[in-house]
Amino acid sequence: MNILFIMYDQLRWDYLSCAGHPRLETPNFDRVARMGVRFTNAYVQSPVCGSSRMSFYTGRYPSSHGAQWNGFPLRVGEQTMGDHLRRLGMGCYLIGKTHMVPDAEGMARLGLAPDTVIGARQSECGFDAVVRDDGLWGEGPDGFYDCKRSPYNEYLKAQGYAAANPWHDYANAGVDGEDIASGWFFRNADRPANIREADSETPWLTDRALEFMETAEGPWCAHVSYIKPHWPYIVPAPYHAMFGPGDVPPATRSAAERAAPHPVYAAYMDNMIARAFQRDEVRDKVIPAYMGLIKQCDDQLGRILDRLEATGAIRDTMIVLTSDHGDYLGDHWLGEKDMFHQPSVRIPLIIHDPRSEADATRGTTCDALVEAIDLCATFIEAAGGDVPGHIVEGRALTRFLHGTEPDCWREVAISEYNYAVTPMRAKLGLRSDDARMFMVFDGRWKLIHFEGGFRPMLFDLENDPDEFHDLGEMAHVRDEIARLYRHLHAWSLRNAQRVTRSEADLEKMRGRSARVGILPFLWDGSEVPAEATAKFRGKAGRDYTG
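A brief look at the structure comes next. None of the values given here were measured: they were computed from a predicted structure.

**What to know about the overall build of the chain**
Next up, step 1: Regarding its fold elements, the chain presents 20 helices and 19 strands.
Next up, step 2: Over its C-alpha atoms the chain spans a radius of gyration of 26 Å, differing by no more than 12% from the 24 Å that the globule rule assigns to 546 residues.
Next up, step 3: Taken along its principal axes, the extent of the C-alpha atoms in the chain is 105 × 60 × 55 Å.
Next up, step 4: Taken across its 546 residues, the chain has 56% of its residues classed as buried.
Next up, step 5: Pairs at least 24 residues apart make up 70% of the contacts formed inside the chain by residues separated by at least 6 positions.

Now the structure itself:
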């Protein structure tokens, strides 16, 4: 069996027709949902690109793998799904984005050259990179945001888009008379991007994925990681005109949220991103473009599904559709991601398992609390392996896919966020170590804990599904807060760093020292089996004591 692991960047869980969006039709996402299971309560382990992705790739929480924000390297030696799958005979390939920064210092310390096989894998989250393009080729006074070579830019230049940075000047900009209408400016979001649709980012990456599948020798796991619908919010024709302000849902926000808000929440509501999305004219421009980007993603997914069906490969290919986090789009007076309301931390997750054991669950939904780290464990089992629980902290979803209940499934989902490098830390006057927050969610009650001496936030999603009313200071919910803090405490005590010895290893080690002649603390040897002391008994040799 092969694994097609497709990730979309900043795709909200509820912007799919199978998830109930009232205007946006996504027939190909729905097509996979009919073929498999749609998980309705899936959560990322950090609501920011880099940290979330590192959790997907390692199967570990951010506080375990250490890459807690964009630009934090994944340390040398951290095992990834690529390491686990290759041991089982399955190749693991990257087509698209990882948002990963290699641990260059650690590689140099160990003498790992990036142009070797091992060094290249260390630099690419354990993947063998077919094509790597992180899709943010912004340029400012200090140069490019991403200093690597852009394969997409090179492609555009070869297609005749004459510019030093055609990613911006064509793929992510429109035209205003004789001027560039940059996609960085929200006012241009309703313009068509100045590029042939077939040459835009999503079709380009789809082409690379189809080329890979045409020639790949299995078994393989291919991580097809799209750049969109992440900003810049601009999309080529005809997608730019498919939706308009009349298709924009009302913002999910309430005046109650701005009345004496939690200090950290208040700081986020007052940042530049949030202030932009609090303007209706911004939402009326941006959200139709965002929907157009998703519609284009859906159409390109259809090309992949059609190829799999035409070749018969769909019969032995697991298909996974997901996102690294959501997008507030003005909900809760916020933009982007970063906090733990549902539009940010909850993600779409649809899995088609081609095995006959999954036939009974096709076209169903599963409401269990699922975490992004569960995919790594799921892929290991799909490749025929046993999940190394001392390394991978997620749990395989196989039994859900096959219609049975796993033993002792988790009671809460955990997510964490480190905002030490953001303006909000400085505004709040926090030390870097205190600029951290944690979510504990049990399916009804959502606790958000803040370091730095702040009170918690608490939401009751059964009675307040829109998360408008923060109950963190209310006396009548103290027991719920205490209960969720017990879960957070238990999670914080997890044994996450003993990654070099499994439970089986520990079992073998128990009592081993006695069997290899290490026998301290005995009175006369009768305390242990006779065979343990056999080498230490017998006639003495020459007596040197005198």
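**What to know about the side chain of His352**
Next up, step 1: Secondary-structure assignment places His352 in strand S13 (residues 346-352).
Next up, step 2: With a relative accessible area of 6%, His352 lands in the buried category.
Next up, step 3: Within the structure, His352 has its side chain in polar contact with the backbone oxygen of Met35 (distance 3.2 Å).
Next up, step 4: Not counting residues up to four positions away in its chain, the partners in contact with His352 are Val32, Met35, Gly36, Ile314, Thr317, Met318, Ile319 and Arg362.

**With respect to the sheet that holds strand S17 (residues 436-441)**
Next up, step 1: Spatial ordering of the open sheet is given by S16-S17-S18-S19, a layout of four strands whose pairing is antiparallel. Because the sheet does not close on itself, it has two edges, and the strands there are strand S16 (413-418) and strand S19 (457-460). Between one strand axis and the next, the sheet turns through 15° on average, direction left out of account.
Next up, step 2: Where S17 lies against strand S18 (residues 445-450), five bridges are found, and the strand directions are antiparallel. Each bridged residue has a counterpart across the sheet, and for Phe441 the counterpart in S18 is Lys446.
Next up, step 3: Contacts from helix H17 (residues 478-492) reach S16, S17, S18 and S19 within the one sheet, and its direction differs from that of S18 by about 65°.

**Thoughts on the side chain of Lys97**
Next up, step 1: Tracing the backbone through its elements, the reader meets Lys97 in the loop between strand S3 (91-96) and helix H5 (104-110).
Next up, step 2: A polar contact is formed between the side chain of Lys97 and the side chain of Asp9, at a distance of 2.4 Å.
Next up, step 3: Filtering out sequence-adjacent residues up to four positions away, Lys97 remains in contact with Asp9, Cys49, Arg53, Tyr57, Asp133, Asp134, His223 and Ser225.

**Digging into unusual backbone geometry**
Next up, step 1: For the bond running from Lys228 to Pro229, omega is 15°, close enough to zero to count as cis.
Next up, step 2: Inspection of the secondary structure assignment puts Pro229 in the loop between strand S10 (220-225) and strand S11 (235-236).
Next up, step 3: Looking along the chain, the bond that leaves Ala237 and enters Pro238 is cis, with omega of 5°.
Next up, step 4: As for its position among the elements, Pro238 is in the loop between S11 and helix H10 (263-269).
Next up, step 5: A positive phi angle, close to 55°, is found at Leu329, a residue other than glycine.
Next up, step 6: For Leu329, the location among the structural elements is in the loop between strand S12 (317-323) and helix H13 (342-345).
Next up, step 7: Taking relative accessible area as the criterion, Leu329 reaches 1% and is therefore assigned buried.

**Describing the packing of aromatic side chains**
Next up, step 1: Using the criterion set out here, one finds 25 aromatic pairs in the structure.
Next up, step 2: Residues Tyr233 and Phe277 carry aromatic rings whose centres are separated by 6.2 Å and whose planes lie at 80° to one another, so their mutual orientation is edge-to-face. Here Tyr233 is found in the loop between S10 and S11, whereas its partner Phe277 is found in helix H11 (residues 272-277), with 44 residues between them in sequence. Comparing Tyr233 with Phe277 shows no difference in burial state: the two are buried.
Next up, step 3: Residue placement shows Arg208 over the ring face of Tyr155; its charged tip is 5.9 Å from the ring centre.

Procedures and definitions
Residues numbered from 1 in each chain as written. Predicted model: local features only at pLDDT ≥ 70, side-chain atom pairs only at ≥ 80, totals over all residues. Heavy atoms only, no water. Helix = DSSP H or I, 4+ residues; strand = E, 2+ residues; numbered from the N terminus. Rg over C-alpha atoms; globule rule 2.2 N^0.38 Å. Buried < 20%, exposed > 50% of the residue type's maximum accessible area, 1.4 Å probe, protein only. Contact = heavy atoms within 4.5 Å. Polar contact = N/O pair within 3.5 Å; in protein donor to acceptor, adjacent residues only side chain to side chain. Pairing = 2+ DSSP bridges. Axes fitted to C-alpha atoms, helices over the stretch in contact; angles between N-to-C directions. Phe/Tyr/Trp six-rings, centres within 6.5 Å; stacked < 30°, edge-to-face > 60°. Lys NZ or Arg CZ within 6 Å of the ring centre and 35° of its normal.

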